[in-house]
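Results of the structural survey
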Amino acid sequence: MAMIEFRNVHKWYGDFHVLKNINEEVEKGDVLVICGPSGSGKSTMVRCVNRLEEIDKGAIFMEGRDITKKTMNLNHLRSEIGIVFQQFNLYPHISVLKNVTLAPIKVKGVSKAEAEAMGMELLDRVGIRDQAHKYPIELSGGQQQRVAIARALAMKPKVMLFDEPTSALDPEMINEVLNVMKDLAREGMTMLCVTHEMSFAREVADRVIFMDGGEILEQGPPEHFFTNPQHDRAKAFLKEIL
Amino acid sequence: MHWDIVWNNFDYFLIGAYPEGPLGGMAMSILLALGGIFGAFWLGLLFGLMRLSKQKWIKWPAVVYIEIIRGTPLLMVIFWFYFLAPIVLGYTLPETSSALVAFIVFTSAYIAEIVRAGVIALPKGQTEAARGTGLSHYQTMVHVILPQSLRNMIPSFVNQFVSLTKDTSLAYIIGVNELMRTATQVNNRTLIAPTEIFITIAVLYFIICYVLTATSRRLEKQLSKYQARGN
Ligand SMILES: Nc1ncnc2c1ncn2[C@@H]1O[C@H](COP(=O)(O)OP(=O)(O)O)[C@@H](O)[C@H]1O
Ligand SMILES: [Mg+2]
């Protein structure tokens, strides 16, 4: 049974058909990379998985459960799915450690001491243990994004969504974030990543899909996608980013 | 000039007949403004959050409340509570209490709008990040949105507080012994020094408001440090 399955998913913004019949399966432990030009619907697609956006037709399944049902408990669903945004979106008014421990304490009722121990462990894992008591703004972009990853992992999610996690970063900080993501992939996390970082796709992706105009135009294993794309628009896109 | 009249009555302007008699004067004005802003903060927060709700039956009463109050002169609200309270409650509210209630109700409508604008002004990513980890709407408000947006609202709250401080002078009409009324009393009694008396009163109002505004400006600078960026 797939960890995440999109089945005939459609979505409209008013008249604008932003997702057109998306069908896709991501097995447990797999990494799916989603690429495509700006405005093609990549963000929308991943944000539908944790219901930050609602689909209009079709269904999305997580381990066989239809998670797009009206009766779904959204807070519970979201506690099982981590998301990392392009703009980090750390909470600026509390320390880095508190950014990480807020949800475990409030949503899962984990004790403060336990949450902090786990938070420090996670911050250690993403390489910023010694910044735990600083405010987000005192950290570099790369460090902030790693905190955001730790914050998502603190809920022990089954799936992680990444929406262009390195696009807002200075080039010299991209790798520190990608390395954390690669480690995570190798540890067996199921990941849906919108990214144009081809090194990441080559090293850890199980599948790459190429989207344009709300459709999946091309899909396959990374080496296939990079060396032998079928669709003209995929070829043009690859030429541009490589 | 008769500045001696001002001087001889200066403590009356400041604290009324206190401690022998009831508190009044500037102290009463400040107390009314403080009590007013405190009550209005909580009531305004409630109505502001209600107005942001997607649920119609929560949002609608707030919209009606806010729009009616904002479309009514303060003096009329003061009269409402002064003349209607006996009819509704069956007994007369003391002048000071009914003025205080009027200030709270009146100011809360403006605070509600400040709260609404402040919450909307925060980057959407803050809510998405919080909801994305499984926090409920309420938890997101309490732990993520309000701590940030309330800080950003402090200058607007102080503005409202300054307005209210000046507006407490309207309570004189229903007989509350605040700064304006003590001045009028002394003037009616002495008759020869209206200019001196009302200049003094103006200076006293100015000092309160100036101190508040200056404090707010300092706070604003300190608070601008930790703010969310991006969207
Ligand atoms: N809330 C919205 N309302 C209307 N149109 C939107 C909204 N969000 C995104 N869109 C449009 O949908 C399209 C796809 O957006 P998005 O999923 O963000 O694309 P991508 O992430 O691939 O750049 C874009 O054309 C965008 O302008
Ligand atoms: Mg996007």
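Here goes a summary of the coordinates provided. Residue indices follow the written sequence of each chain, beginning from 1 at its first position. By the order in which they are written, chains take letters starting at A while ligands take numbers starting at 1. Local features in a predicted model are, by the rule used here, given only for residues with pLDDT of at least 70; side-chain atom pairs are given and counted only at 80 or more, and totals for whole chains, interfaces and linings are based on all residues. The side-chain figures draw on all heavy atoms in the structure; neither hydrogens nor water molecules are used.

1. Thoughts on the overall build of chain B
Helix and strand labels come from DSSP, where a helix needs a run of H or I of at least four residues and a strand needs a run of E of at least two; each type is numbered from the N terminus. Helices and strands together make up the secondary structure of chain B, namely 10 helices and 0 strands. Mapped in sequence order, the helices and strands of chain B form the string α-α-α-α-α-α-α-α-α-α. Seen through its C-alpha atoms, chain B measures out along the principal axes to roughly 70 × 45 × 30 Å. Within chain B, contacts between residues at least 6 apart in sequence are counted, and of these 72% link residues at least 24 apart. The contact criterion used is simple: two residues touch if any of their non-hydrogen atoms lie within 4.5 Å.

2. Description of unusual backbone geometry
Residue B:Tyr18 is joined to B:Pro19 through a cis peptide bond whose omega torsion reads 5°. Mapped onto the elements, B:Pro19 comes out in the loop between helix 2 (10–15) and helix 3 (25–52). The backbone of A:Arg51 shows a phi angle near 60°, a positive value even though the residue is not glycine. One can find A:Arg51 in the loop between helix 1 (42–49) and strand 4 (57–62). We note that A:Phe88 has phi near 65°; this positive angle belongs to a residue other than glycine. By the element assignment, A:Phe88 lies in the loop between strand 6 (81–84) and helix 3 (96–108).

3. Comments concerning the site of ligand 1
Residues and elements named next belong to chain A. Any residue with a non-hydrogen atom lying within 4 Å of a molecule or strand is treated as near it. Around ligand 1, a shell composed of Tyr-13, Phe-16, Val-18, Pro-37, Ser-38, Gly-39, Ser-40, Gly-41, Lys-42, Ser-43 and Thr-44 is seen. Tyr-13 is positioned such that a nitrogen or oxygen atom in its side chain is 3.4 Å from a nitrogen atom of ligand 1. Computed by Shrake-Rupley with a 1.4 Å probe, the accessible areas treat only the displayed protein chains as cover when residues are assessed. Contact with the protein chains removes 57% of the 560 Å² of surface that ligand 1 exposes when unbound. Mapped by element, the contributors of at least two residues to the shell around ligand 1 are strand 2 (16–26) and helix 1. Considering each element in turn, the shell around ligand 1 owes the most residues, 3 residues, to helix 1. In this classification, the charged set is Asp, Glu, Lys and Arg, the nonpolar set is Ala, Val, Leu, Ile, Met, Phe, Trp, Tyr, Cys and Pro, and all remaining amino acids, among them Gly, are polar. A class-by-class count of the residues in the shell around ligand 1 yields 4 nonpolar, 6 polar and 1 charged. For this analysis, a polar contact is any N or O atom pair within 3.5 Å, provided that within protein one partner can donate a hydrogen and the other can accept it, and provided that sequence-adjacent residues contribute only side-chain to side-chain pairs.

4. Focus on the sheet that holds strand 6 of chain A
Residue and element names in this part refer to chain A. With mixed pairing, the 6 strands of this open sheet are ordered in space as 6-7-8-3-9-10. Whereas interior strands pair on both sides, the edge strands pair on one side only; in this sheet they are strand 6 and strand 10 (215–220). Across this sheet, the average inter-strand angle for adjacent strands is 15°, counted without regard to direction. Throughout, an axis means a line fitted to C-alpha atoms (over the contacting stretch in the case of helices), and angles, computed between N-to-C directions, take values from 0 to 180 degrees. Against the sheet, helix 5 (residues 141–153) touches strand 6 and strand 7 (159–163), its axis set at about 170° to strand 6. Strand pairing requires that DSSP identify at least two bridges connecting the strands.

5. Looking at the sheet that holds strand 2 of chain A
The 4 strands are arranged 2-1-4-5 (chain A) in an open sheet whose pairing can be described as antiparallel. The sheet terminates laterally at strand 2 and strand 5 (65–66) of chain A, the two strands that pair on one side only.

6. Re the pattern of salt bridges
Residues and elements named next belong to chain A. Definition used for salt bridges: Asp or Glu carboxyl oxygen within 4 Å of a side-chain nitrogen of Lys or Arg. Taken as a whole, this structure holds 20 salt bridges over all chains when the rule is applied. With its nearest N and O atoms 3.1 Å apart, the salt bridge here joins Arg-47 to Glu-53. Each residue is assigned to one of three classes by its accessible area relative to the maximum for its type, calculated with a 1.4 Å probe on protein chains only: buried under 20%, partly exposed between the two thresholds, exposed over 50%. Residue classification places Arg-47 among the buried residues on the basis of a relative accessible area of 9%. For Glu-53, a relative accessible area of 15% puts it in the buried group.

7. Structural notes on the side chain of A:Arg146
Within the secondary structure, A:Arg146 is located in helix 5. When near neighbours in sequence (up to four residues on either side) are disregarded, A:Arg146 contacts A:Val126, A:Gly127, A:Ile128, A:Glu176, A:Val177 and A:Val180.

8. Notes on the nonpolar core
A:Ile4, A:Phe6, A:Leu192 and B:Phe13 are the most contacted members of the largest nonpolar core, which has 94 residues in total. The element best represented in this core is helix 6 (residues 95–121) of chain B, accounting for 11 residues. What we call a nonpolar core is a set of buried Ala, Val, Leu, Ile, Met, Phe, Trp, Tyr and Cys residues that are connected through their side-chain atoms within 4.5 Å. Listed in part, the 50 residues of the second largest apolar core include A:Leu123, A:Val147, A:Leu184 and A:Ala234.

9. Thoughts on helix 6 (residues 171–186) of chain A
Residue and element names in this part refer to chain A. In a helix, the anticipated span is given by 1.5 Å times the number of residues less one. The end-to-end C-alpha separation of helix 6 is 23 Å, in line with the 22 Å expected for 16 residues at 1.5 Å each. Taken together, the buried positions of helix 6 are occupied by Met-173, Ile-174, Val-177, Leu-178, Val-180, Met-181, Lys-182, Leu-184 and Ala-185. On the buried face of helix 6, the contacting elements are strand 3 (31–35), helix 4 (112–125), helix 5, strand 7, strand 8 (190–194) and helix 7 (198–204).

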